[in-house]
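Residue-level listing of the chains:
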Amino acid sequence: MSVKYIPVQWNPNKYIYDAVMLLGVGLFLYVFLYASPGILSHERPINPQVHNARAFGACAFVMLTVILCIGPLARLDPRFLPLLYNRRHFGVMTVFVAITHAGYIVDWYFAFSSSNKYEALLFANTSYGQLAGFPFEVFGIFALFTLILLAATSHDFWMKFLSPPVWKRIHYLIYPAYLSVVAHVSFGILQDQQNHAFTMIFIGGAAAVGILQLIAALKERRADQELASEAVEWVPVCDVSEMKEGFAKIKLLANGERVAVYLNEGKLSAISNACAHQNGPLGEGQIIDCLVTCPWHGFQYDVTNGRSPAPFTEKIPTYNLKTEGTRVLVDPRANPPGTYVEPVPAGATS
Amino acid sequence: MSDKDRPFFVGYLPAPKALRGLLLAVCVLFISGLAGFGLALGIAQDDPGEGAFRFDYGRQTVTGVVELTPYPLLRVTEGNERIPAGHTLMLAGGGKTNVESRAIPLEGQLAQVSGVLLERGSLDMMQVRGGRNGLQAAEGEVPVFETIPLGRWKLAGEICDGKCLAGAMRPGRGLAHKACANLCLLGKVPPVFVSTQPVDGSEFLLITGPDGGHLPESAYHYVAQFVSLEGEVERRGDLLVLRLDPDTLEVLE
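Reading the values: rules and limits
Residues numbered from 1 in each chain as written. Chains lettered and ligands numbered in written order. Predicted model: local features only at pLDDT ≥ 70, side-chain atom pairs only at ≥ 80, totals over all residues. Helix = DSSP H or I, 4+ residues; strand = E, 2+ residues; numbered from the N terminus. Buried ≥ 20, exposed ≤ 12 C-beta atoms within 10 Å, placed from the backbone. Contact = placed C-beta atoms within 7 Å. Pairing = 2+ DSSP bridges. Axes fitted to C-alpha atoms, helices over the stretch in contact; angles between N-to-C directions. Expected span 1.5 Å × (residues − 1). Domains from an automatic or database assignment. Nonpolar A, V, L, I, M, F, W, Y, C, P; charged D, E, K, R; others polar. Left-handed = near helix turned anticlockwise from the far one by under 90°.

K.L.:
Would you mind showing me how to read the environment of Ala52 of chain B here?
P.N.:
Following the sequence through the fold, Ala52 of chain B ends up in strand E1 (residues 52–53). Residue Ala52 of chain B is classed as buried on the basis of its 22 C-beta neighbours within 10 Å. Considering only alpha carbons, one finds Ala52 of chain B and Leu118 of chain B, 66 residues apart in sequence, at a separation of 5.6 Å. Leaving out residues up to four positions away in the same chain, Ala52 of chain B has contacts with Arg44 of chain A together with Glu119, Gly167 and Arg170 of chain B.

K.L.:
I keep staring at the sheet that holds strand E12 (residues 239–251) of chain B and nothing clicks. Help me out?
P.N.:
The strands making up a sheet are joined through hydrogen bonds of the backbone, oriented either antiparallel or parallel. Residue and element names in this part refer to chain B. Strand order around the closed barrel formed by five strands is E8-E9-E10-E12-E11, with mixed pairing between neighbours. Along the sheet, successive strands turn relative to each other by an average axial angle of 50°, direction set aside. Pairing of strand E11 (residues 227–236) with E12 involves nine bridges; the strand directions are antiparallel. Counterpart to Val233 in the pairing with E12 is Leu242.

K.L.:
Before we go on, may I ask you to explain helix H4 (residues 87–109) of chain A in this structure?
P.N.:
Residues lying three or four places apart along an α-helix face the same way, a consequence of the helix completing one turn every 3.6 residues. An ideal rise of 1.5 Å per residue puts 33 Å on 23 residues; H4 of chain A measures up with 33 Å between its terminal C-alpha atoms. Those residues of H4 of chain A not exposed but buried are Phe90, Met93, Thr94, Val95, Val97, Ala98, His101, Tyr104, Ile105 and Tyr109 of chain A. Residues of H4 of chain A that are buried in the fold lie against helix H1 (12–39), helix H2 (48–76) and helix H6 (137–152) of chain A together with helix H4 (178–186) of chain B.

K.L.:
What should I look at first to understand the domain arrangement of chain B in this one?
P.N.:
Accessible area lost on assembly of the parts is the figure often given for the size of an interface. Segmenting chain B into domains produces domain 1 (15–42), domain 2 (52–137) and domain 3 (147–251). Taking the mean C-alpha position of each, domain 1 of chain B and domain 2 of chain B sit 55 Å from one another.

K.L.:
Can you walk me through the interface of chain B and chain A in this structure?
P.N.:
Each partner contributes to the interface: chain B provides 53 residues, whereas chain A provides 68 residues. Secondary-structure elements contributing two or more residues to the side of chain B that touches chain A are helix H1 (17–42) and H4 of chain B. For the side of chain B that touches chain A, the element with the highest residue contribution is H1 of chain B, accounting for 15 residues. Here the side of chain B that touches chain A is built from residues that sort into 32 nonpolar, twelve polar and nine charged.

K.L.:
In this structure, what is going on with the pairing of strand E4 (residues 267–272) of chain A? I would like to understand it.
P.N.:
Consecutive side chains of a regular strand alternate in pointing toward one face of the sheet and then the other. All names here are of chain A. Counting buried residues in E4 gives five out of six residues, a clear majority hidden from the surface. Alignment of strand E3 (residues 258–264) against E4, held across six bridges, turns out to be antiparallel. Counted as the bridge partner of Val261 is Ala270 from E4. Linking E3 back to E4 in an antiparallel pair, the connection comprises two residues, with Glu265 at a positive phi of about 55°. Summarising the sheet, E4 and strand E11 (residues 344–345) pair through two bridges and their orientation is antiparallel. Note on E11: the bridge partner recorded for Leu268 is Val344. Here E4 pairs with strand E8 (residues 318–319) via two bridges, running antiparallel. Paired with Ala270 across the strands is Tyr319, a residue of E8.

K.L.:
What's the story with the pairing of strand E2 (residues 248–252) of chain A in this structure? I'm lost.
P.N.:
With four of its five residues buried, E2 of chain A lies for the most part within the structure. Hairpin remark: E2 of chain A followed by E3 of chain A, antiparallel, with five residues in the connecting loop; positive phi at Gly256 of chain A, about 95°.

K.L.:
Quick question: what am I supposed to make of the packing of H1 of chain A against H2 of chain A here?
P.N.:
Angle between the axes and distance between the axes are the two parameters that describe a pair of packed helices. Residue and element names in this part refer to chain A. At a closest axis distance of 10 Å, the pairing of H1 and H2 adopts a crossing angle of 145°. By crossing handedness, the relation of H1 to H2 is classed as right-handed. For the pair H1 and H2, contact is made by Val25, Phe28, Leu29, Phe32 and Leu33 and by His51, Asn52, Ala55, Ala58, Cys59, Val62 and Met63, respectively. Tallied by class, the residues present in the contact of H1 with H2 amount to ten nonpolar, two polar and no charged.

K.L.:
Teacher, can you tell me more about the sheet that holds strand E5 (residues 286–288) of chain A here?
P.N.:
Residue and element names in this part refer to chain A. Strand order in the open sheet formed by three strands is E5-E6-E7, with antiparallel pairing between adjacent strands. Every interior strand has two partners, whereas the edge strands, E5 and strand E7 (300–302), have only one. For this sheet the average axis-to-axis angle between neighbouring strands, irrespective of direction, equals 40°. Here E5 runs beside strand E6 (residues 291–293); their pairing, made up of three bridges, is antiparallel. Among the inter-strand pairings, Ile287 is bridged to a residue of E6, identified as Val292.

Take a look at the structure:
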């Protein structure tokens, strides 16, 4: 949470996250660049520029693969949510590694001619009508520019400026970008590779991303089916006895919105399940210091009015609640963000 | 749905004790995993072969007769320890450039050529120095060299740019290198066909377009692929020249 925009709001966990990330990336590059040539029994070494390009390209692919595994992993097991916390730094680092890869490629394969190297990148191979020999560079260019766009707009300023839904849609471009990287590698280096270790690692990485995303999506679909409700005036949420102090029950409304019903100090309140920051699932968070705390980045809201505590200004919609006997019911019509709703006494609770 | 039995991580607060073991294990796995992938991918790289710039030979200077195919060749008359007399040497400029503008005025004449040799097995090429120091007319009697027609051949293999193939880049062939090869060919660097079967004892043939022209740009789509083609082959000293019939180009599975 922030009141003013500063480049990075550092805290000890971010330092640890970035240190681990940099150490891993540094080790990957060091081992690839300096340890592996001694093991290779080549009569003459691969050109250093090609070797460097491969090291940074392979590293960017592995980083992107890890990044895309974090999301579904955290959805499948919330204990992995800390990996999500500072993922944007991981993404920005990946962009720098990918740019370095592109730099070595352009400065080597597309230099030394009488043409501008960036123009040469676009016209040297125009065999778009064939699979073998397809100009795989275009996939790399698309992926790189997309990653740069995502990194450049990763700061919270852009999320506020563009609005979270627009920002989120832009950042879904990570999936086409990853597919483009897969195509870039498949139509490029994979076509020439005689040693299949790289092929196996590449396919394994891409398959891990695909399978994890699929499993997480299926799990969410099943969960949505359990949470789904009819389009009625008052939507039943659960029995009061199922509520736990400081925690929530989530309900999927007929209009597709999710509502999180919290029990706080023996009273029930309902807020939108989507955090104003990155649409994090507020109902999967918990109340800390009387405030609902998002499990993704720790944004906090007063459960009675959906407002972040001063001096913060984030606001989310609230919902009206009532109880009928021991049943908790929610009005599916959301109140404007920040609207105070009198908490409903829960009566008998666990 | 939130769960009070689950440790709850908030980024700006110390990590819950119940999560610390798992997070430590993830950190160790991440760091060692990346190092492991770096090693596995680093040692999975294929051997780029023996081709290389032979800077270790030092600058080479030889004399011979300039021929244009239209790619410039030198039929060596006065060689040295590395480049014997009778050898036919393909000539290229620095980077992805050619020496045609300097070779055309000297066609059929004796010339002294100086530069760095590139060598891959029986394939070689000279990267000629810039200006007159690289290619200049030489005094002496001009011998007559034969061009022996070897007839029409159907061959299978790969069209490469001769300079990268000879060792300017390691690796210097294959589909991942196609754009670079095309750029060399656009720069009129001599293209080389690598035949799967030797033709009159040689697996490397300088490949040109039909009727004494450069390799047609329509053939660039076939560069770096396994193709079959037909054309007239002629022998110029120890170098074979293949005059491609572009209509016969076909990608092989």
